Amino acid sequence: MTLEWGDLFAGRIAGMAASEIRELLKLIDRPEIISFAGGIPDPDLFPSAAIARAYEKVFQSNAGAGGALQYTISEGYTPLREWIVAYMERKGVRPDLDEVLVTSGSQQALDFIGKLLIGPGDLVAVTKPTYLGALQAFSPYEPRYVSIAMDEEGPVLADLEAALAQRPKFLYLVPDFQNPNGTTVSTARREAIVDLCAAAGIPIVEDAAYAELRYDGEALPSLAAIDAARNGGRPGQVIHCGSFSKTMVPALRVGWVSAAREVVNRLVLMKQAADLHTSTINQIVMHDVVSQIFDSHVRRLRVAYKERRDAMLAALAEFMPAGVTWTRPQGGMFVWIELQHGQCGVTLLERAVREANVAFVPGAAFFADRSGANTIRLSFSATKPERIREGVRRIAGLLEPVTA
Ligand SMILES: Cc1ncc(COP(=O)(O)O)c(C=O)c1O
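Residues numbered from 1 in each chain as written. Predicted model: local features only at pLDDT ≥ 70, side-chain atom pairs only at ≥ 80, totals over all residues. Heavy atoms only, no water.

1. Some points on the site of the ligand
Logical step 1: All residues in the neighbourhood of the ligand are listed as Gly105, Ser106, Gln107, Tyr131, Asn179, Asp207, Ala209, Tyr210, Ser243, Ser245, Lys246 and Arg253.
Logical step 2: Gln107 has a polar backbone atom sitting 2.9 Å from an oxygen atom of the ligand.
Logical step 3: Between the ligand and Ser243 there is a distance of 2.6 Å, counted from an oxygen atom to a side-chain nitrogen or oxygen.
Logical step 4: Notes on the ligand: free accessible area 400 Å², of which the protein chains cover 92%.
Logical step 5: Counting atoms within 2 Å of the grid points, the majority share of the ligand lands in the largest pocket. (Near = heavy atom within 4 Å. Polar contact = N/O pair within 3.5 Å; in protein donor to acceptor, adjacent residues only side chain to side chain. Areas by Shrake-Rupley, 256 points an atom, 1.4 Å probe, with all protein chains shown as cover. 1 Å grid on protein atoms, 1.4 Å probe; cavity = no way out; pocket = protein on both sides within 12 Å on 5 of 7 lines; lining within 4 Å. Sits in = over half its atoms within 2 Å of the grid points.)

2. Here's the deal with helix α11 (residues 261-275)
Logical step 1: Compared with the 21 Å implied by 1.5 Å per residue over 15 residues, the 21 Å span of α11 between its first and last C-alpha is a close match.
Logical step 2: Those residues of α11 lying buried are Val263, Val264, Leu267, Val268, Met270 and Lys271. Projected down its long axis, α11 carries its buried residues within an arc of 165 degrees, all on one side. The exposed residues of α11 that point more than 90 degrees off its buried face are Glu262, Arg266 and Ala273.
Logical step 3: The inward-facing, buried residues of α11 abut β2 (100-103), α6 (105-117), β8 (238-243) and β9 (255-258).
Logical step 4: Residue Leu276 follows α11 closely and has a positive phi angle near 65 degrees. (Helix = DSSP H or I, 4+ residues; strand = E, 2+ residues; numbered from the N terminus. Expected span 1.5 Å × (residues − 1). Buried < 20%, exposed > 50% of the residue type's maximum accessible area, 1.4 Å probe, protein only. Arc of directions from axis to C-beta. Contact = heavy atoms within 4.5 Å.)

3. Some points on the pairing of β8
Logical step 1: Of all six residues in β8, six are buried; the element is thus mostly enclosed.
Logical step 2: In this structure, strand β7 (residues 204-207) lies alongside β8, joined through four bridges in parallel fashion. Its bridge partner lying in β8, Val205 is registered against Ile239.
Logical step 3: In this fold, β7 hands off to helix α10 (residues 223-229), which returns the chain to β8; that crossover is right-handed.
Logical step 4: Examined bridge by bridge, β8 and β9 share four bridges and lie antiparallel to one another. The residue bridging His240 from the neighbouring strand is Ser258, located in β9. (Pairing = 2+ DSSP bridges. Right-handed = clockwise from strand over helix to strand, strands pointing away.)

4. Topic: the layout of surface pockets
Logical step 1: Considered as a void within the structure, the largest pocket measures approximately 1200 Å³ in volume.
Logical step 2: Lining the largest pocket we find 46 residues, and of these Ala37, Gly38, Gly39, Ile40 and Arg377 sit closest to its centre.
Logical step 3: If you list the elements that add at least two residues to the lining of the largest pocket, you get α2 (22-25), β1 (34-35), α6, α7 (132-138) and β14 (375-379).
Logical step 4: Ranked by residue count, the leading element in the lining of the largest pocket is α6, at four residues.
Logical step 5: Residue composition of the lining of the largest pocket, grouped by class: 22 nonpolar, 14 polar and 10 charged.
Logical step 6: Three or more residues apiece are contributed to the lining of the largest pocket by two domains, here domain 1 (10-47 + 295-399) and domain 2 (48-293). (Points joined across faces, edges and corners; volume = space filled by probe spheres on them. Nonpolar A, V, L, I, M, F, W, Y, C, P; charged D, E, K, R; others polar. Domains from an automatic or database assignment.)

5. A look at the sheet that holds β8
Logical step 1: Pairing in this open sheet of eight strands is mixed, and the strands run β2-β9-β8-β7-β6-β3-β4-β5 from one edge to the other. Edge strands, defined here as strands with exactly one partner in the open sheet, are β2 and β5 (154-155).
Logical step 2: The sheet contact formed by β2 and β9 spans four bridges and is antiparallel. Counted as the bridge partner of Thr103 is Gly255 from β9.
Logical step 3: Against the sheet, α11 engages β2, β8 and β9, with an angle of about 25 degrees to β2. (Axes fitted to C-alpha atoms, helices over the stretch in contact; angles between N-to-C directions.)

6. Some words on the packing of helix α13 (residues 345-356) against helix α14 (residues 385-398)
Geometry of a packed helix pair, given as the angle between the helix axes and the separation of the axes.
Logical step 1: Relative to each other, α13 and α14 sit at 115 degrees, their axes nearing to 10 Å. Here the hand of the crossing between α13 and α14 comes out right-handed. Across the interface between the two elements, Leu348, Arg351, Ala352, Glu355 and Ala356 of α13 pack against Arg394, Ile395 and Leu398 of α14. (Left-handed = near helix turned anticlockwise from the far one by under 90°.)

7. Topic: the domain arrangement of the chain
Logical step 1: In terms of domains, the chain is made up of domain 1 (10-47 + 295-399) and domain 2 (48-293).
Logical step 2: Counting from both sides, the interface comprises 34 residues of domain 1 and, opposite them, 37 residues of domain 2.
Logical step 3: Sorting the residues of domain 1 by area buried against domain 2 places Pro47, Gln330 and Phe366 first, and these three jointly supply 22% of that buried surface.
Logical step 4: Asp369 serves as the salt-bridge partner of Lys128, at 3.3 Å between the closest nitrogen and oxygen.
Logical step 5: Seen at the junction of domain 1 and domain 2, the total is 20 residue pairs in polar contact (both at pLDDT 80 or more).
Logical step 6: Residue assignment for the side of domain 1 that touches domain 2 shows that the elements contributing at least two residues are α12 (280-319) and β11 (334-338).
Logical step 7: The dominant element in the side of domain 1 that touches domain 2, judged by the number of residues it contributes, is α12, at nine residues.
Logical step 8: Classifying every residue of the side of domain 1 that touches domain 2 by side-chain character gives 16 nonpolar, 10 polar and eight charged. (Buried area = accessible area lost by both parts, 1.4 Å probe. Salt bridge = Lys/Arg side-chain N within 4 Å of Asp/Glu carboxyl O.)

Written out as structure tokens, the structure is:
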């Protein structure tokens, strides 16, 4: 008898739909394609030499290698957590050591937070658009979503208030240079969000994946810092997720959660159940590398990515026809485009890949409510400036000029 696997899968699998654009994006590895699709760092900017030296150091002694290749505690490698505590202190929050958990990328933190807080049918508040990977992490726990509109300062407060009145389990937010739309939440809006959520007794999950990649202006206080300032410097209602993927390298898979002890204690149990701990040797290497070059390397990234951001904005201004609008991100990796009325991002991608050898991600995937059909996300981080100009020119060539 042949098994009907589909009948055996748990109900939560329904929330794990494969992306309809994945097949199309498989085509983009061809060298002739200029891809703005992946939100990935440029491998030419990886601190490979520092990483190689750190691995070599581990293997210089038997004892060092033995420790690095052994199991470790679920909470994470203690010197790395101490570095993270000091980093969070610089940012205005004073977590204790046992209020920091190292995770296998911040993506794993999002999964654990979903597991911790979401029961079937619970409401989760997200912005529209929001990070697709967060929707993918939360959806297996069978939430319903309430989507909050955004303007150039962040989530629209009237929408947030209406969402909070429905008592979501938490608000998920990427306050800095949000993936996908590049929006940064203003300081006034951050204060108001923390106030409203505090008054409603609703936690905030702050995803700070891009916070260090700022190209203009001053760093803004994190939601965790604003919350801590009202809480004697200590973590309160904000669960803060950090990552070394965008500042160092993604492949070591090292991220973290900093939150109130009660939350982190539970997340540690989830870590034990999921994979016992993040790779010992990778944590040791990450600690060595960030201790030596974190600030200087981030400065270097800012210079390189700023040039690419500027190249993309200049090309958009040069080539895009009337009726197309875009964001002007102060950092991060993404520019968000609103196409002319009635244009569809998915259809444009199909044409872009087949007719113009250029790729991007259609915006609809980033909306829990499946709106946003006429939006697309362009990532500038992994493409050199000359190719950025050419890629934008090709996309613009597929769009109809609008005659007045
Ligand atoms: C907003 C956001 N959060 C989290 C992640 C996950 O990153 P990682 O698991 O590599 O830390 C990403 C990756 O692109 C992201 O864009």
